[in-house]
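# What the coordinates show
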Amino acid sequence: THVTFFVRSDGFATAAPPAPAIAKTLRLGLHVLNPAAGNGGRIAEQAYALGCRVFTVIDDEQFAVKLARMGCRVFFRWWIGNNHISPGDLAGRVRAFCGEPGIVILGLNEGDVTGCFTAENMDARGAWDAEAFRLIRAQGGTYAGFGCAMGNPEYNDPRVCEVVKKWYAPLWEAGMRINY
């Protein structure tokens, strides 16, 4: 028997309750860092041959479209590093394949310059995601915003929770996907 423990905020360890049964199918995919320059494309094609149908592709629009046309779900992200791009920059970059079935456009990532750690970061990120969602949706595309790593933002800060309610609750209700 396997028992999972977690540590509560008061520091005491306790046995975790049994996990509920999941009625949905779980899909695992492959993160393809740079298909054009390196082994990413070859590895993705091998994964496809083995049955993988979910991929994240960074920076290679043509490879993302190729996978989508092969029946895959593809999450496309533009690596921006420490550059600050506008939602219009992103929408312009993906315009040619924005409505391609199977492709979901990802916005900012946790490591991008906007950050996702404080209420101020999340407020700026929320405004950015709202505009990116509007522009990409207008082009017929599917957009996934939020883009924070596990553990971020700091949900113990009530200001962060208010910002998430302010921006993301209406966006999710309007159809924006979650990138978390």
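What counts as what
Position labels on residues start from 1 in each chain and follow its written sequence. Given that the model is predicted, a residue must reach a pLDDT of at least 70 before its local features are reported, and side-chain atom pairs must reach 80 or more before they are shown or counted; all residues, however, enter totals for whole chains, interfaces and linings. Based on all heavy atoms of the structure, the side-chain values leave hydrogens and waters out of the count. Only protein chains enter the calculation, and the probe is 1.4 Å; a residue is then buried if its accessible area is under 20% of its type maximum, exposed if over 50%, and partly exposed in between. Runs of H or I in DSSP of at least four residues are treated as helices and runs of E of at least two as strands, each being numbered from the N terminus. Two strands make a pair as long as DSSP finds a minimum of two bridges between them. Inter-axis angles, ranging from 0 to 180 degrees, are taken between N-to-C directions of lines fitted to C-alpha atoms, where helices are fitted over the stretch in contact. Orientation labels follow simple angle bins: below 35 degrees gives roughly parallel, above 145 gives roughly antiparallel, 65 to 115 gives roughly perpendicular, and whatever is left gives oblique. Each crossing is labelled by how the near helix is turned from the far one, with a counterclockwise turn of less than a right angle marking it left-handed and a clockwise turn marking it right-handed. Any two residues whose heavy atoms approach within 4.5 Å are treated as being in contact. Here the expected span of a helix is defined as 1.5 Å times the quantity of residues minus one. For this quantity, the arc is that covered by the directions from the helix axis to the C-beta atoms.

What follows covers the pairing of strand β4 (residues 54-58). Here β4 lies mainly inside the structure; 5 of its 5 residues are buried. Sheet topology note: the β4/strand β5 (residues 73-77) ladder contains 5 bridges and is parallel. Across the sheet, residue T56 finds its bridge partner in β5, namely F75.

What describes two packed helices is the angle between their axes and the distance between those same axes. Viewed as axis vectors pointing N to C, helix α3 (residues 87-94) and helix α4 (residues 119-138) meet at an angle of 30 degrees, and their least axial separation amounts to 8 Å. In terms of axis orientation, α3 runs roughly parallel to α4. The handedness of the crossing between α3 and α4 is right-handed. Across the interface between the two elements, P87, G88, L90, A91 and V94 of α3 pack against W128, E131, A132, L135 and I136 of α4.

A word on α4. The terminal C-alpha atoms of α4, which comprises 20 residues, lie 28 Å apart, in line with the 28 Å expected from a rise of 1.5 Å per residue. For α4, every residue scored as buried is listed here: A119, M122, R125, G126, W128, D129, A130, A132, F133 and I136. Looking at the buried side of α4, the elements it contacts are α3, β6 (103-106), β7 (142-146) and α5 (158-173). Positive backbone phi, approximately 90 degrees, marks G140, located one or two places after α4.

This paragraph deals with helix α1 (residues 40-49). Taken together, the buried positions of α1 are occupied by G40, G41, A44 and A47. Angular distribution of buried residues about the axis of α1 spans 120 degrees; they occupy a single face of the element. Buried-residue contacts for α1 involve β3 (30-32), β4 and α2 (61-69). Looking one or two places after α1, you find G51, whose phi comes out positive at around 110 degrees.

This part takes up unusual backbone geometry. For D59, which is not glycine, the phi torsion reads 70 degrees and is therefore positive. Mapping D59 onto the fold places it in the loop between β4 and α2. Assessed through its relative accessible area of 29%, D59 is described here as partly exposed. Not every positive phi belongs to a glycine, and F146 is a case in point at roughly 90 degrees. Judged by relative accessible area, which is 2%, F146 ranks as buried.

This part covers the packing of α4 against α5. Running from amino to carboxyl end, α4 crosses α5 at an angle of 5 degrees, the nearest separation of the two axes being 9 Å. As the angle between them shows, α4 and α5 are arranged roughly parallel. Two secondary-structure elements touch here, α4 through A119, E120, M122, D123, R125, G126, A127, D129, A130 and F133 and α5 through R159, V160, V163, K166, W167, Y168 and L171.

Quick look at the sheet that holds β7 now. The parallel open sheet is built from 6 strands, whose spatial order is β3-β4-β5-β6-β7-β8. If you trace the sheet from one side to the other, it starts and ends with β3 and β8 (177-179), each paired once. Each adjacent strand pair in this sheet contributes to an overall mean axis angle of 30 degrees, direction not counted. Here α4 sits on the sheet and contacts β6 and β7; the angle it forms with β7, its principal contact strand, is near 180 degrees.

Structural measurements only, silent on function.
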